[in-house]
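Read off the chains here:
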Amino acid sequence: MIILVSCQDVLEEEFQNPQQYVPNPDQLASGMFTNALLQYKFYIKDYGEYWWQLGGNGMPSYAQISCRYITPRYSWYIDYDDVTNGNGFSQSGFNWFNDFYLRMRNWGLIQDVINGLDGQEYDDSVIYFKMLSIMKDWAALRNVDLFNSIPYLNAFKGSQGEFFTEYDDPEVIYKTVLDDLKSIADELPGIYSKMSPDGITTLQVQDIALQGNVDKWIQYANALRLRFAVKLASVDAQFASNHISDAITNLPTQDLVFDLPHIDAAGALPGGGTWQRGLFERPYVTHIPNIIMNRMNFHELEYEEDIDDPRLPVIAFPTKHNDYRGVSLDADGQNQGYVDGERYYPWADDLESSASNNSKSMYNQVTLTHNNVPADMFTLAEIDLLLAEVAAKGLANTGKSAGEHVEDAVMHSTDYWYMLNGLGQYRTDYTTEPWASLIRPSKPSQAVIGSYAEKVKNAFDAVSGVDGQMEIIMQQKYIHLNLIRPIELWSELRRTRHPKLEPMTFLGKVMKPQPERLMYPSSELQNNSEAFLKVIDQNNWTSPIFWRTDASSYYRDNYVSFKTGTSPDFN
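Note that the structure is predicted; figures quoted are calculated from it, not measured.

### Structural notes on helix H19 (residues 402-422)
- The end-to-end C-alpha distance of H19, which contains 21 residues, comes to 30 Å, matching closely the 30 Å that a straight helix rising 1.5 Å per residue would cover.
- With 15 of 21 residues buried, H19 lies mostly within the body of the structure.

### Overview of the confidence of the model for the protein
- When pLDDT is averaged across the protein, the result is 90; 92% of the residues are at 70 or more.
- Long-range and interchain partners of residues 1-22, a stretch whose pLDDT sits below 50, account for seven contacts in this model, where long-range means more than four residues apart.

### Some thoughts on the environment of Leu420
- Within the fold, Leu420 resides in helix H19.
- Using a relative accessible area of 0% as the deciding quantity, one classes Leu420 as buried.
- Considering only alpha carbons, one finds Leu420 and Gln475, 55 residues apart in sequence, at a separation of 20 Å.
- Those residues in contact with Leu420 that lie beyond four places of it in its chain are Thr367, Asn371, Val373, Pro374 and Ile484.

### Quick word on the environment of Arg73
- Checked against the element boundaries, Arg73 lands in the loop between helix H4 (59-62) and helix H5 (96-103).
- Taking the C-alpha atoms as reference points, Arg73 and Asn335, 262 residues apart in sequence, are found 8.7 Å from one another.
- Apart from the residues lying within four places of it in its own chain, the contact partners of Arg73 are Tyr338 and Tyr344.
- A polar contact is formed between the side chain of Arg73 and the side chain of Thr71, at a distance of 2.5 Å.

### Focus: unusual backbone geometry
- In the segment running from Glu433 into Pro434, the intervening peptide bond is cis, with an omega of 5°.
- Checked against the element boundaries, Pro434 lands in the loop between H19 and helix H20 (435-439).
- Of note, the amide linkage connecting His498 to Pro499 takes the cis form, showing an omega dihedral of -5°.
- By secondary structure assignment, the location of Pro499 is in the loop between helix H23 (486-496) and strand E3 (504-506).
- A positive phi is found at Lys41, a non-glycine position, where the angle reads about 80°.
- Along the chain, the position of Lys41 falls in the loop between helix H2 (25-37) and helix H3 (47-53).

Definitions and limits used
- Residues numbered from 1 in each chain as written.
- Predicted model: local features only at pLDDT ≥ 70, side-chain atom pairs only at ≥ 80, totals over all residues.
- Heavy atoms only, no water.
- Helix = DSSP H or I, 4+ residues; strand = E, 2+ residues; numbered from the N terminus.
- Expected span 1.5 Å × (residues − 1).
- Buried < 20%, exposed > 50% of the residue type's maximum accessible area, 1.4 Å probe, protein only.
- pLDDT = per-residue confidence, 0-100.
- Contact = heavy atoms within 4.5 Å.
- Polar contact = N/O pair within 3.5 Å; in protein donor to acceptor, adjacent residues only side chain to side chain.

Have a look at this one:
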């Protein structure tokens, strides 16, 4: 008994046993904020989330962000067009609906803590509630983009005895969030000015994302306003334009990313619950579809620095032919090549085997898989492309033409992707060619990058009509975000109907399916039945999200072929 008591005393002293240790309220708020930042499925992507999505019948496949090398050997693709019964599209293995409420519960807890404080304790703590509100607002609208109506206005009131609430109108949620983000952005400077020196020091430590830089949090809130106001514009252009015009006066000036706290040892198997493990275990589903590859690689199949996209060597991995080839959704058309021996190495553990065996390009495993990819909150290239859409549609005066914003996006995106590749941890001892350049390609000169960006701008400026311009904007968004943020790309695809996809041809059957949303979890009928029954008509994969006002086709009339000539063709 004496030994056990002594051990217990040591544990409480060393680990601050939560059953015995009661922190000060201001420390409690800061700790819950940091805990929220560390939640998987928000900024830190989740292993299971990616593993299930990359099964071949999930969101990345239907949005043609990433695909298998499909031939008739995969018999289940005969039901690829079934987006009503679950034989085709699948959302198995993840539940962003429930995860939002479970993983953001600290927002309600911090609110309760803040309400019980006053004086300097309040002044040093309320900032955590405001910054976490920015995160909560972002995650809420991500769920609206996936499910349409969700409980929001009266959610997170468990401490008040209200556990299940009504599903709110999605447009109302959008507008409420946009107003809230503006209010927080306006309030943060004053809140920060009241903090004590010790409170600021604590903030800089607890804010693992932006190190307590309030200016960056304000810019982040404005970037979110820009993103979601652009989506809202098709429904209420005036409301959206007001937010856009205000938000663009103070946007991020650098990529908002942060290093993950759970870094794997160099050379270790990607894991630890991070999304790289999902990619590591599913490389055979990370082939690059033609709608992306054919917008990076032009003329010859080999990479030509003066013609091709400078991001190509760090986004894509070359084939055994030392060139770059995407996969087609024409499964019948590419079957003969597979039969003739055009195969691939299905794992990500040995890139030499990939380079020696792959007949189709996968995403670059050095850049994405054997890497501690930072969590991204918002990147400059995405902001550029949102501003391009704003300028193209006349939603606000951005100070530049839409084409100039597209040009900026290409340059910022190139910087971002070479930065990611530079963090890659695969065989850092390689110095012998051609392996050294294959693993860590040298970044092209600014002159080369600028020349290519100008080509994209010129192609954009030559297109007549907003619809043609949106095709190029979304092509660039696909190239930039790809597997980093497939959820956002799928939302943008459903909203804009761009970029145009390839039809799926399987055993002579031509299919052009696209799910419009995700279904609610079955637990909602059991736990929140009265409210759920009011929106049960939305519980399918075919009812559109409220911002979808364009019912045009997602698909091209035929398949995308490689271009010939000496200059890029973005049509």
